[in-house]
Amino acid sequence: MLVLALRSIRRRPGRFVATLLSAFLGAAIIMTFNSMHDTAGQAGVDSVSSQTLGTAAGVVGGYGTLLVFFAVASTLTVNVRQRTAELELLRCSGATPAQIKRMVVGEAVAVALVGAALAVGPAMLGGRALLDMFQDSGQVAGSVEYSFGPIALLSGVDITLLASAGAAFLAVRRVTRRGRERAGAKRFLACAALVTGAAGACSTFLLSASDEALMAPPAYGAILLSVGFALLSPRLLKGVLNRLPLRGASGWLAVRNLRERADHLAGILVSLILFTAVSTATVTMQAVESDAVEASGLVKSVDAKNLETLNLTVVGIIAVFVCVMLVNSLYAATTYRSREFGQQRLAGATPGQVLGMVAVEGVIMTLTGVFFGTVAALAGVVPFTVVRTDAVLPDQFPGVWLTMVAVSAAVTLGTSLATARRVLRTPAVGAVALAA
C-alpha cells in the first residue's frame, strides 16, 4: 500500500498541494514557537526571559497543534470525498478497507513529511524574528541568543505527521463505512462543548476586575461555544436554509445545492465559526484590557505584556490558518463541481446564473458562519466587559467585528467566484465528458 500511495502522489501531485500547504504552515508555526523552548534552555538565560519564552512556546504551540489537525483534516476530507469512485474501484478490485486506509494514510504522511522538511528554514527565520520582537518589547533580555534545536525540530515533524495520519484515517474511515455516521456521538460532544463553554463564560462573573486570570474563562468559553456550533454546523445550515425566502433561478439553485451538500460543507462552516468567534473575542477583550490599564495610569507588567503578545499572535495564527483552510476547501470543492456546472449549463442555465448561484451560496455560508461565531464571541466579550469596565458591550467591538466579517466574506466569496469563473471557461459538453 505504501508503494501504491507514492505512485498515486507521483501520478496526480496536484490533488495533494492543499495538504502540503497546510502541513508546511503548521510545521513552520510549531517549530517557530517550540524553538523558544530550545532558546530558553540555554545556559545563562535569566528566569524572567525563560518564563516568557516557555509560555509563548507552550500556549501557541498548543493552539498550533489543534490548528494543524483542523487544517489538514479539512483538506484531506475534501480530497477523500472527491476520490470516492476511485476508492470504491479499489474495493471492487479486491482491496480491503484496511488496505485503503493504509494507502490514504501513507499518502498523507508522505506529503506531511515533505511539508515539514520544507518548513525548517522558514521556522528558523520566524523564530529569530519572534525572539527579536520579545527583546524589543523588553520581555526577554537582549543578551539571549537564538537557538533552533531538537525540541523545535522533533515537535514540528512529530506533530505534523501524527496530525496528518490521524486526519487521513478519520477522513477515509467515513468513506469505507459507506456514510454510516455516528451522529449521536457528535451531538453529545457538541452539547458538552456548548454547556461547558456557557459555564466557563458565566464563571467570569465570579472573578474581580483586578484578577489576573479574568480573561481566561470568557476566552475559553467563547472557544468551546464555537467548537460546539462547529460540530453542529450541518444541522445549523439546514435550519437556516429552511427559513430562507429566496427567489430567482440563482437563489433557488443555491438553496437546493446547499441542502444536498450540507454535510460536505461542514469544514467551511467550521472555519468561519471558529475564525469569527476566536478572533473577535480575543482582539476585543485585549483592546478592552489595554484601554482599562491605560485609563488607570498603571504600567503593564511583564506578564500582562506576555498575555497581550500571545493573544495577538494566536489571532494572527488563526487568521492565517483559517484563510488557508477556507481557500483550500473552497477551491477543491468548487473545482470538483465542474460536471455539475456543465450539466446546469446544458439544461439552460447561463454562466451568469451559475456564478450568481455560487455567489448566493457564499453569502449564505458566510452569514451562517458569522452569525454563530458572533454569538460565541459575545458570550465571552459581554461577561468580560461587564466585570472589567461595568459596561455591557465595549466600544471596540463593532470595529473589530466588521474587520473579521470583511475578512471572512472576502476569502469565501473571492475564492468561490474566482474558482467558479475558472471552471466555467471549460465548455459545458467538455466539462461533463471530462468528469464522467
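This text follows the structure it describes.
These numbers were taken from a predicted model, which means no experiment stands behind them.

1. Quick word on the overall build of the protein
Along the protein, the regular secondary structure elements total 16 helices and zero strands. Carbon and sulfur atoms make up 66% of the accessible area of the protein, which amounts to about 19,700 Å² in all.

2. Comments concerning the packing of helix α13 (residues 338–346) against helix α14 (residues 351–389)
Between α13 and α14, the shortest axis-to-axis distance is 9 Å and the interhelical angle comes to 135°. When the axis of α13 is compared with that of α14, the two are oblique. Crossing of α13 against α14: the hand is right-handed. Contacts from Glu340, Phe341, Gln344 and Arg345 in α13 reach Pro351, Val354, Met357 and Val358 in α14. Here the residues of the contact of α13 with α14 are counted per class, giving five nonpolar, one polar and two charged.

3. Some thoughts on the environment of Leu225
By the secondary structure assignment, Leu225 is in helix α8 (residues 216–231). Each C-alpha atom of the pair Leu225 and Thr196 lies 7.9 Å from the other, and the pair is 29 residues apart in sequence.

4. Observations regarding the environment of Gln353
If you trace the backbone, Gln353 turns up in helix α14. Note: C-alpha distance between Gln353 and Leu253 (100 residues apart in sequence) is 9.2 Å.

5. A look at the nonpolar core
Residues Met36, Leu53, Leu131 and Phe134 are the most contacted members of the largest nonpolar core, which totals 29 residues. Among the secondary structure elements, those contributing two or more residues to this core are α2 (17–40), α3 (47–82), α5 (97–136) and α12 (302–335). Looking at this core, the element that brings in the most residues is α2, giving eight residues. In this structure, Met36 is in contact with Leu53, Ala57, Gly127, Leu130, Leu131, Phe134 and Tyr146, ignoring residues within four places of it in sequence. Among the nonpolar cores identified, the runner-up in size contains 23 residues, and Ile223, Leu237, Val314 and Ile364 belong to it.

6. Re unusual backbone geometry
The phi torsion of most residues other than glycine is negative, and most of the peptide bonds are trans. Positive phi outside glycine occurs at Asp390, with the angle close to 75°. Tracing the chain through its elements places Asp390 in the loop between α14 and α15 (397–423).

7. Notes on the pattern of salt bridges
Where charged atoms from two side chains of opposite charge come close, those side chains can pair. Throughout the structure, instances matching the rule amount to one salt bridge. Note that Arg388 is salt-bridged to Glu289, the shortest N-O span being 2.7 Å. Of the two residues, Arg388 is situated in helix α14 and Glu289 in helix α11 (residues 266–296); the sequence distance between them amounts to 99 residues.

8. Here's the deal with the packing of aromatic side chains
Under the definition given, this model contains two aromatic pairs. Pairing Phe229 with Phe372 gives two aromatic rings, centres 5.4 Å apart and planes at 50°, and the pair type is tilted. Here Phe229 is found in helix α8, whereas its partner Phe372 is found in helix α14, with 143 residues between them in sequence. For Phe372, a relative accessible area of 13% translates into the label buried. With a centroid separation of 5.0 Å and an interplanar angle of 85°, the aromatic rings of Phe371 and Phe372 are classed as edge-to-face. Among the aromatic residues, those joined into a ring-pair cluster are Phe229, Phe371 and Phe372.

9. A look at α13
By the burial criterion, the buried members of α13 are Glu340, Phe341, Gly342, Gln344 and Arg345. Taken from the residues just after α13, Gly348 is the one with a positive phi, measuring 120°.

10. Side note on the side chain of Ser408
Positionally, Ser408 belongs in helix α15. The exposure class of Ser408 is buried, given its relative accessible area of 1%. Excluding residues within four positions of it along the chain, Ser408 makes contact with Leu272, Phe275, Thr276, Thr366 and Val370.

11. Description of the packing of α14 against α15
Taken N-terminus to C-terminus, the directions of α14 and α15 make an angle of 155°; their axes are 9 Å apart at the nearest point. Of the possible angle classes, the one that applies to α14 and α15 is roughly antiparallel. α15 is crossed by α14, and the crossing has right-handed handedness. Contact residues: Leu355, Val358, Ala359, Gly362, Val363, Thr366, Val370, Thr374, Leu378 and Val381 in α14; Phe397, Trp401, Val405, Ser408, Ala409, Thr412, Leu413, Ser416, Leu417, Ala420 and Arg421 in α15. Grouping the amino acids of the contact of α14 with α15 by side-chain chemistry returns 14 nonpolar, six polar and one charged.

12. What about the environment of Ala123?
Relative to the elements of secondary structure, Ala123 occurs in helix α5. For Ala123, a relative accessible area of 0% translates into the label buried. When the C-alpha atoms of Ala123 and Phe148 are compared, they prove to be 8.8 Å apart, with 25 residues separating the residues in sequence. The residues touching Ala123, leaving out its near neighbours within four places in the chain, are Ala28, Met31, Thr32, Tyr146 and Phe148.

Cut-offs used in this document
- Residues numbered from 1 in each chain as written.
- Predicted model: local features only at pLDDT ≥ 70, side-chain atom pairs only at ≥ 80, totals over all residues.
- Heavy atoms only, no water.
- Helix = DSSP H or I, 4+ residues; strand = E, 2+ residues; numbered from the N terminus.
- Areas by Shrake-Rupley, 256 points an atom, 1.4 Å probe, with all protein chains shown as cover.
- Axes fitted to C-alpha atoms, helices over the stretch in contact; angles between N-to-C directions.
- Parallel < 35°, antiparallel > 145°, perpendicular 65-115°, else oblique.
- Left-handed = near helix turned anticlockwise from the far one by under 90°.
- Contact = heavy atoms within 4.5 Å.
- Nonpolar A, V, L, I, M, F, W, Y, C, P; charged D, E, K, R; others polar.
- Core = buried A, V, L, I, M, F, W, Y, C linked by side-chain atoms within 4.5 Å.
- Buried < 20%, exposed > 50% of the residue type's maximum accessible area, 1.4 Å probe, protein only.
- Salt bridge = Lys/Arg side-chain N within 4 Å of Asp/Glu carboxyl O.
- Phe/Tyr/Trp six-rings, centres within 6.5 Å; stacked < 30°, edge-to-face > 60°.

These values are about where atoms sit, not about what they do.
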